[in-house]
Amino acid sequence: MMKQMLVKTLYVLLLIGTLSTPVAVAQQNSVLRGYILELDSGEPLQYVEIKNLNTGAAAESSADGSFSIAVQKNERLRFEYPGYRTDTLVVIEFDIKRIYMTPDGSSILIDEVQIQAMTDSRLQTEIKRAEEEGQFSEASQRRGGVRISPSRWFGKEGKQARRRYKLLLAEQDRRKVDARFTPEAIMALTPLKGEELDLYMTKYRPSTKFLSTADEADLRLYIMDTYAEFKDLTPEQRSKIKAPKDTT
């Protein structure tokens, strides 16, 4: 009898140990870490309030700008600091983030690196601003209607605004693709991993136009079809695929 009790006890302990492992992994993956910086100077911002808008969980950035907060994929985080724009971020991956904040009402020049660091709400704000600043026409304040403004179209500021607008739209499209064409989605359908996964994702990255009308079944079929093509590539063909550089 005692021997049977010992065997049952050991079985229960082994079962608990087996079940606890994936739970621990899930908890690790549900913590987002990163740094919050002032966009113009690159200096870290302390005491920025970070709030999970889905769960209410909150955190605060440290003296070096670092933060960590519990969050699950597709949940929204809000970043708030007195005198700075309040931004939100939809979490689609758990690599270390660099969040850049700007003072209220500031007008900045934007390049590719800064755009990639923007939160989603900040990106939408800058798209709207660049579109307005680069317009050929503007509303007339005196007589109503629309007034043609060649200076806004041919001037330096107008040209810069239109360049920013194109860069911002390109980043918006990139995020739409990244949200669906993920390593997890590909590895669920193929044995790809590591360098081969990177090469495949670079060569067969779908267009935003395709994803705008494709449902999940369409995307799965696309992945399986392009994987079949990828398997047939020669080593020489694979060597010509250039993976994008890490910009983080």
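Up top is the structure.
Residues numbered from 1 in each chain as written. Predicted model: local features only at pLDDT ≥ 70, side-chain atom pairs only at ≥ 80, totals over all residues. Heavy atoms only, no water.

(A) Layout of the sheet that holds strand β2 (residues 49–52). Across the sheet, which stays open at both edges, the four strands sit in the order β3-β2-β5-β6 with antiparallel pairing between neighbours. Two strands close off the open sheet at either side, each with one partner strand: β3 (58–60) and β6 (87–90). Ignoring which end each strand starts from, the neighbouring axes of this sheet average 20 degrees apart. With four bridges connecting them, strand β5 (residues 76–80) and β6 associate as antiparallel partners. By the bridge assignment, L77 is partnered in β6 with L89. (Pairing = 2+ DSSP bridges. Helix = DSSP H or I, 4+ residues; strand = E, 2+ residues; numbered from the N terminus. Axes fitted to C-alpha atoms, helices over the stretch in contact; angles between N-to-C directions.)

(B) Structural view of the pairing of β2. Burial along β2 is one-sided: I50 and N52 are buried, and none of E49 and K51, which face the opposite way, are. Across three bridges, the pairing between β2 and β3 is antiparallel. Bridging from a neighbouring strand, I50 pairs with A59 of β3. Counted between consecutive antiparallel strands, the loop separating β2 from β3 contains five residues, among which G56 sits at a positive phi close to 90 degrees. With four bridges joining them, β2 and β5 adopt antiparallel strand pairing. Bridged to K51 within β5 is R78. (Buried < 20%, exposed > 50% of the residue type's maximum accessible area, 1.4 Å probe, protein only.)

(C) Representation of unusual backbone geometry. Positive phi, normally seen in glycine, also occurs at Y47, with a value near 70 degrees. Its location among the elements puts Y47 in the loop between β1 (31–38) and β2. With a relative accessible area of 51%, Y47 lands in the exposed category. A positive phi is found at N74, a non-glycine position, where the angle reads about 75 degrees.

(D) Representation of the packing of aromatic side chains within the structure. Taken as a whole, this structure holds eight aromatic pairs when the rule is applied. When the centroid spacing of 6.4 Å and the interplanar angle of 85 degrees are considered together, the rings of Y204 and F230 count as edge-to-face. Separated by 26 residues along the polypeptide, Y204 in the loop between α7 (194–203) and α8 (208–213) and F230 in helix α9 (residues 216–231) bring together distant segments of the chain. With respect to burial, Y204 and F230 carry one shared label: buried. Three or more aromatic residues joined by ring pairs make a cluster, and in this case those are F181, Y200, Y204, F210, Y222 and F230. Positioned above the aromatic ring of F230 is the side chain of R238, whose terminal nitrogen or guanidinium carbon lies 4.2 Å from the ring centre. (Phe/Tyr/Trp six-rings, centres within 6.5 Å; stacked < 30°, edge-to-face > 60°. Lys NZ or Arg CZ within 6 Å of the ring centre and 35° of its normal.)

(E) View of a nonpolar patch on the surface. Together, L189, L221 and M224 make up a nonpolar patch on the protein surface, roughly 250 Å² of accessible area in all. With respect to the helices and strands, M224 occurs in helix α9. (Patch = residues over 30% accessible without salt bridge, like charges linked within 9 Å, V, L, I, M, F, W, Y side chains within 5 Å. Areas by Shrake-Rupley, 256 points an atom, 1.4 Å probe, with all protein chains shown as cover. Salt bridge = Lys/Arg side-chain N within 4 Å of Asp/Glu carboxyl O.)

(F) Quick look at the packing of α7 against α9. Contact pair α7 / α9: the axes reach a minimum separation of 11 Å and the direction vectors enclose 110 degrees. Judged on the interaxial angle alone, α9 and α7 are roughly perpendicular. The chirality of how α7 crosses α9 is right-handed. Counting all contacts with α7, which are made through E196, L199 and Y200, the residues of α9 involved are Y222, I223, T226, Y227 and F230. (Parallel < 35°, antiparallel > 145°, perpendicular 65-115°, else oblique. Left-handed = near helix turned anticlockwise from the far one by under 90°. Contact = heavy atoms within 4.5 Å.)

(G) Focus on the sheet that holds β1. With mixed pairing, three strands are arranged side by side in an open sheet as β4-β1-β7. In the strand order of this sheet, the two ends are held by β4 (66–70) and β7 (97–101), each with one partner. Averaged over all pairs of adjacent strands, the angle between strand axes in this sheet comes to 35 degrees, irrespective of strand direction. Sheet analysis places β1 next to β7, joined by five bridges and oriented parallel. By the bridge assignment for β7, E38 is matched with M101.

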